[in-house]
Amino acid sequence: ERVHRELREEGLDPDGYVIDSNPATERLFGLDESPLGDHVVRDVLAGLPTVQNEFAALLEAVEPSSRTITYGSRHVRVEATPLADDKGATIGRLLLVEDVTDRLRRKRDLEQQIEKLDQFAELVSHDLRNPLNVGRLYVQQSRATGDLDHLENVRQAHQRMESIIDDVLTLARGSQTVDELVVVDLADMARGAWAHVDTGEATLVIDRNGQFRADPDRVRRLFENLFRNAIEHATTDE
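Everything numeric here is computed off the predicted structure, so don't read it as measured data. Here the residue numbers are simple positions, counted from 1 along each chain's written sequence. With pLDDT at 70 or above as the cut-off, local features in this predicted model cover only qualifying residues; side-chain atom pairs require 80 or more to be listed or tallied, and sums for whole chains, interfaces and linings still use all residues. Derived side-chain values reflect all non-hydrogen atoms in the structure, with water molecules and hydrogen atoms excluded from consideration.

> Help me understand the side chain of Glu224, please; the structure alone is not making it clear to me.
Strands are runs of DSSP state E lasting at least two residues, helices are runs of H or I lasting at least four, and both sets are numbered from the N terminus onward. Tracing the chain through its elements places Glu224 in helix H7 (residues 216-233). Think of a polar contact as two N or O atoms within 3.5 Å of one another; within protein, one of them needs to be a possible hydrogen donor and the other a possible acceptor, and neighboring residues in sequence only count if both atoms come from side chains. Polar side-chain contacts of Glu224 include one of 2.7 Å to the side chain of Arg160. The residues touching Glu224, leaving out its near neighbours within four places in the chain, are Asn130, Arg160, Ile164, Ala193, His196 and Val197. Contact between two residues is taken to exist if any of their heavy atoms lie within 4.5 Å; hydrogens are not considered.

Laid out in structure tokens, this is it:
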């Protein structure tokens, strides 16, 4: 993206009179019909009290300073540099005025995108943690008992992680639509998801069943998250 950056300039004498300015500055503040030359800056900006106050603070500074001024929907950065004679006495100030509205908007958009990426990363790690914990549990059981049948559950957990990663890549590439719906069995989906969650001593009870058309992988992930959250946050009343 090509960024156009335009600086506006104006010069003030020690009393705040504008002795020189360019048309860009006048247009920026909507002063096209009221040229700045030979006017006191606080009078010229009387219709913009916020801008007037910010300019007053800049003109009181004895060192180079800058401020970002907001008026309406615009954001303007003003840099004020005192000008001195050969004896060090201030004889005026040079003001550089830049409209930074688009820059701040891009910064805000970027911050929002970063926040969304953080949320997305947290969601992915949340989904991957289910089969990862299940696989780790079965590895421990296999080592403790020597029963290699547990490794089949580990393989299934790895396959579940691969499926989740494929889903994440699909979303990252911009395809969020479901290509094909199939008839899924509610009880089968629930039992399959339960097997991929570290459920501890909890038990699953299915008291009714049903069928519906859906994306099996997404339904399975939905149940996995539901079960994991229920187990993590469940409390027992004594």
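> How should helix H3 (residues 49-60) be read in this particular structure?
Think of an α-helix as turning once every 3.6 residues; residues three or four places apart then point the same way. Here H3 spans 17 Å end to end across 12 residues, near enough to the 16 Å set by a 1.5 Å rise per residue. Those residues of H3 that fall on the buried side of the exposure criterion are Val51, Phe55 and Leu58. Viewed end-on, H3 has its buried residues packed into an arc of 55°, placing them on one side of the element. Exposed side of H3, more than 90 degrees from the buried face: Asn53 and Glu60 are the residues found there. How far a helix is expected to stretch is found by multiplying one less than its residue total by 1.5 Å. For every residue, the accessible area obtained with a 1.4 Å probe (protein chains only) is divided by the maximum for its type, and the residue is called buried under 20%, exposed over 50%, and partly exposed between those limits. Within this analysis, the arc is defined by the directions that extend from the helix axis to the C-beta atoms.

> Looking at this structure, I do not really get the pattern of salt bridges. What am I missing?
Close approach of charged atoms allows side chains of opposite charge to pair. By definition here, a salt bridge exists when the distance from a side-chain nitrogen of Lys or Arg to a carboxyl oxygen of Asp or Glu is within 4 Å. Summed over the entire model, instances satisfying the criterion amount to 9 salt bridges. Two residues, Arg191 and Asp188, come together in a salt bridge whose shortest N-O distance is 3.1 Å. Placement of both Arg191 and Asp188 in helix H6 (residues 186-194) is noted, with a separation of 3 residues, approximately one turn of the helix. Its relative accessible area of 46% is what places Arg191 among the partly exposed residues. The class for Asp188 is partly exposed, based on a relative accessible area of 44%. Among the ionic pairs, Asp215 bridges to Arg218, the shortest N-O distance being 3.7 Å. Exposure remark for Arg218: the relative accessible area of 34% places this residue in the partly exposed category.

> I would appreciate a short explanation of the packing of aromatic side chains in the present structure.
The geometry of an aromatic ring pair comes down to the distance between the two centres and the angle between the two planes. Two rings from Phe, Tyr or Trp (for Trp, the six-membered ring) form a pair when their centres sit within 6.5 Å of each other. Planes less than 30 degrees apart are called stacked, planes more than 60 degrees apart edge-to-face, and all others tilted. Following the criterion strictly, the structure yields 2 aromatic pairs and no others. With centroids separated by 5.1 Å and ring planes inclined at 80°, the aromatic side chains of Trp194 and Phe227 adopt a geometry described as edge-to-face. Here Trp194, found in helix H6, pairs with Phe227, found in helix H7; they are 33 residues apart in sequence, far enough to count as distant. For the pair formed by Trp194 and Phe227, the shared burial category is buried. By way of ring pairs, the aromatic residues Trp194, Phe223 and Phe227 are connected into one cluster.

> Before we go on, may I ask you to explain the environment of His75 in this structure?
Structurally, His75 is set in strand E4 (residues 74-84). By relative accessible area, His75 is classed as partly exposed at 21%. In this structure, His75 is in contact with Thr68, Ile69, Thr70, Glu98, Asp99, Val100, Thr101 and Leu104, ignoring residues within four places of it in sequence. A polar contact of 2.9 Å, which involves the side chain of His75, links it to the side chain of Thr70.

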